[in-house]
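Residue-level listing of the chains:
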Amino acid sequence: MPGWSEPLTGAVDEVAPRLLGATLTPAGGTVRLTEVEAYDGGNDPASHAYRGRTPRNTVMFGPAGFLYVYFSYGMHWCANVVCGEDGRASAVLLRAGKVLDGLDLARARRGDRVSDRGLARGPACLTQALGIGRDQDGLDLSGHLALTDPPNDVARGPRVGVSVAHDVPWRFWLPGEPTVSAYKRSPRAPAG
DNA sequence: CTTTTGATCGTCT
DNA sequence: GACGATCAAAAGC
């Protein structure tokens, strides 16, 4: 029995756009993914797996179809779908989505001042809206992630926030979606 | 809309 | 000890 996650086992830059349009329901509340970023395991200097396996990134080295969650900037959680072959440690960062279900739940977790389109706009906003945290690191996504038909229109460009590998256009999003986060280069990126 | 800046701490060197 | 795969508020257009 090939796992449900078989479509996640190709090259990560081909897998990432397949996640656009998918629905995710990890801990109450559902989001439709509108923006993702690919990280190519040990080959990618921007990847958390670039310098090998550590306690934090262990989940990345496991099979596809699991959630890799990490703590960022001392206050945020960010979530990835582990992709690629077992041991390759590729992953796709979930950058933004549109809340389809559990609007009240998402608003309660994010705060009343946030607009509907802003609820899951940005990787840390998305995890907060969905209730993703430490407990979801290593979560088996079967039953939580539903892939859809490939979107017919996908935009791509440089990744947000990374200070290396700017030439790699591995951010993918659904054009025209108001839930897609604004592009910001890393403050530490080389001037240009 | 844009730019700037402070918050805050786990992780790895 | 330095550095983030970030965010929100504040201030200027």
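Use the structure listed above.
All of these numbers come straight from a predicted model, not from anything done at the bench. (Residues numbered from 1 in each chain as written. Chains lettered and ligands numbered in written order. Predicted model: local features only at pLDDT ≥ 70, side-chain atom pairs only at ≥ 80, totals over all residues. Heavy atoms only, no water.)

**Q** Would you mind going over helix α3 (residues 123-130) in detail, with residue names and values included?
**A** With 6 of 8 residues buried, α3 lies mostly within the body of the structure. Residues of α3 that are buried: Pro-123, Ala-124, Leu-126, Thr-127, Ala-129 and Leu-130. Looking at the buried side of α3, the elements it contacts are β1 (23-24), β2 (30-39), β4 (76-83), β5 (90-101) and α2 (103-110). In the segment just after α3, Gly-131 is the residue with positive phi, at about 75°. (Buried < 20%, exposed > 50% of the residue type's maximum accessible area, 1.4 Å probe, protein only. Helix = DSSP H or I, 4+ residues; strand = E, 2+ residues; numbered from the N terminus. Contact = heavy atoms within 4.5 Å.)

**Q** Account for the protein's contact with DNA strand B, with residues named and values stated.
**A** Taken together, Arg-51, Thr-54, Pro-55, Arg-56, Phe-71, Tyr-73, Gly-74 and Met-75 make up the full set of residues adjacent to DNA strand B. What you see for DNA strand B is that sugar and phosphate hold 64% of its atoms within 4 Å of the protein. Note that a phosphate oxygen of DNA strand B is positioned 2.2 Å from one of the side-chain N or O atoms of Thr-54. Residues belonging to the surface near DNA strand B are distributed by class as follows: 4 nonpolar, 2 polar and 2 charged. (Near = heavy atom within 4 Å. Polar contact = N/O pair within 3.5 Å; in protein donor to acceptor, adjacent residues only side chain to side chain. Nonpolar A, V, L, I, M, F, W, Y, C, P; charged D, E, K, R; others polar.)

**Q** How would you sum up the pattern of salt bridges? Please name residues and give values.
**A** Throughout the structure, instances matching the rule amount to 8 salt bridges. Its salt-bridge partner being Arg-95, residue Glu-35 comes within 3.1 Å of it at the nearest N-O pair. Separated by 60 residues along the polypeptide, Glu-35 in strand β2 and Arg-95 in strand β5 bring together distant segments of the chain. This pair shows no difference in class: Glu-35 is buried, exactly as Arg-95 is. (Salt bridge = Lys/Arg side-chain N within 4 Å of Asp/Glu carboxyl O.)

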